[in-house]
Each structure stands twice: as structure tokens, then as C-alpha cells.
Amino acid sequence: SGIWNFTTIIAAPEQPVLSSPADSAIEVSINPALQWAPAARADSYRVQVAIDSGFAAGIIADQPGIVSQSFSPSVLQYSTDYYWRVQSSNIGGTSPWTQVFSFTSALAPPSAASLLATPADNSTWLSLQPMFSWQPVASASSYQLQVSTAIFRA
């Protein structure tokens with residue numbers, strides 16, 4: 001018979017390896033860059049971010065077609081547990097999902113202490129050691145007080 005030739009399809013890519021943020025990281029920015037090591041034979045990646053570890057419900061990002069080894073989900077919420085995973089793809093197929101990494105986003109910054117209590121604005125004849133007080137701010141763990149001889153108005 002005559003000679004025929006054919007080409008086989010490329011093998012499916014290797015599974016990526018997650019790198020950052022580290023598994024179980026805490027105080028992660030609400031604008032993180034999720035990063036992983038490149039996978040052999042990968043043409044693109046798919047990333048999923050969820051609020052449940054099983055990815056059954058609560059997927060907040062499902063992004064296929066990523067050609068770099070990084071993905072920044074849209075702004076996340078403060079003080080929330082997130083789970084993420086990645087798979088790689090090429091014309092030959094798709095890798096299994098990576099192991100699931102988790103992270104906890106940072107605490108919300110405290111609001112400004114806008115309700116100064118004492119001394120009252122424009123007070124005069126105060127002692128040389130006045131007592132300063134203000135309304136407590138939710139989630140604040142400390143305060144910084146600045147005193148100046150110049151008048152600053154916002």
C-alpha cells in the first residue's frame with residue numbers, strides 16, 4: 001500500500017502549582033494578585049475563586065483564557081475567607097484542578113474619628129494639659145492624636 005502519515009495531538013498540560021498568596025494566608029489585600037508557577041505545555045489557565053471550599057456555590061470569579069500566571073479578581077470584601085484553584089489547558093486537553101488554597105482578606109480599616117468630644121471646637125482658656133476625648137471607632141485597635149499650633153481645615 002501507499003505510505004500515509006499522521007500527527008498525534010499534543011499531550012494535555014501539566015497541573016499548575018499555586019504560589020501566592022500562600023495557603024491559609026491572613027490579612028491578604030482585597031486586591032490580591034493570585035499567582036502560580038507555569039505548567040508544562042499550558043497555553044492558558046482557568047482560575048476560580050469562591051467563598052466555599054467545595055466550589056459548589058459561592059463562586060465569585062471563574063476566569064478562563066488567562067495567558068499569564070497571575071490573576072487579580074475584582075475587589076474582594078474585607079474579613080472574608082476565600083478559596084482558589086487553577087487548571088491549565090491546551091489543544092490536547094485540560095489538567096486537573098490544583099489543590100485548593102485559602103486566604104482571609106484583611107480587616108476593614110477603621111473609619112476616621114470624626115466625633116471629637118473634648119475640648120470643644122474653638123475653646124479658649126484651656127489648661128496647659130487639656131484632656132482630649134473622642135467617640136470610639138468600631139474596629140480601631142489604637143488611635144493617633146496630633147496637636148498643632150497651626151489651624152488646618154479640611
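So, here's what we can say about the structure. (Residues numbered from 1 in each chain as written. Predicted model: local features only at pLDDT ≥ 70, side-chain atom pairs only at ≥ 80, totals over all residues. Heavy atoms only, no water.)

### Re the side chain of Thr80
At step 1: Turning to its location among the elements, Thr80 is positioned in the loop between β6 (70-71) and β7 (81-90).
At step 2: A polar contact is formed between the side chain of Thr80 and the backbone oxygen of Tyr78, at a distance of 2.9 Å.
At step 3: Leaving out residues up to four positions away in the same chain, Thr80 has contacts with Ile51, Phe103, Thr104 and Ser105. (Helix = DSSP H or I, 4+ residues; strand = E, 2+ residues; numbered from the N terminus. Polar contact = N/O pair within 3.5 Å; in protein donor to acceptor, adjacent residues only side chain to side chain. Contact = heavy atoms within 4.5 Å.)

### Observations concerning the packing of aromatic side chains
Each aromatic ring pair is characterised by the separation of its centres together with the angle its planes make.
At step 1: On inspection of all chains with the given rule, the structure shows four aromatic pairs.
At step 2: Above the ring of Phe55, the side-chain terminus of Arg85 is found at 4.1 Å from the ring centroid.
At step 3: Over the ring of Trp97 we find Arg85, and its NZ or CZ is 4.2 Å from the ring centre. (Phe/Tyr/Trp six-rings, centres within 6.5 Å; stacked < 30°, edge-to-face > 60°. Lys NZ or Arg CZ within 6 Å of the ring centre and 35° of its normal.)

### Concerning the side chain of Ser102
At step 1: Its location among the elements puts Ser102 in strand β9 (residues 101-105).
At step 2: When its relative accessible area of 18% is taken as the criterion, Ser102 is described as buried.
At step 3: Apart from the residues lying within four places of it in its own chain, the contact partners of Ser102 are Ala22, Asp23, Ser24, Ala25, Tyr82 and Tyr83. (Buried < 20%, exposed > 50% of the residue type's maximum accessible area, 1.4 Å probe, protein only.)

### What about a nonpolar patch on the surface?
At step 1: Nonpolar side chains collect at one region of the surface, where Ile9, Ile10 and Ile91 lie side by side and expose about 320 Å² of accessible area between them.
At step 2: Mapped onto the elements of the fold, Ile91 is located in the loop between β7 and β8 (93-94).
At step 3: For Ile91, a relative accessible area of 69% puts it in the exposed group. (Patch = residues over 30% accessible without salt bridge, like charges linked within 9 Å, V, L, I, M, F, W, Y side chains within 5 Å. Areas by Shrake-Rupley, 256 points an atom, 1.4 Å probe, with all protein chains shown as cover. Salt bridge = Lys/Arg side-chain N within 4 Å of Asp/Glu carboxyl O.)

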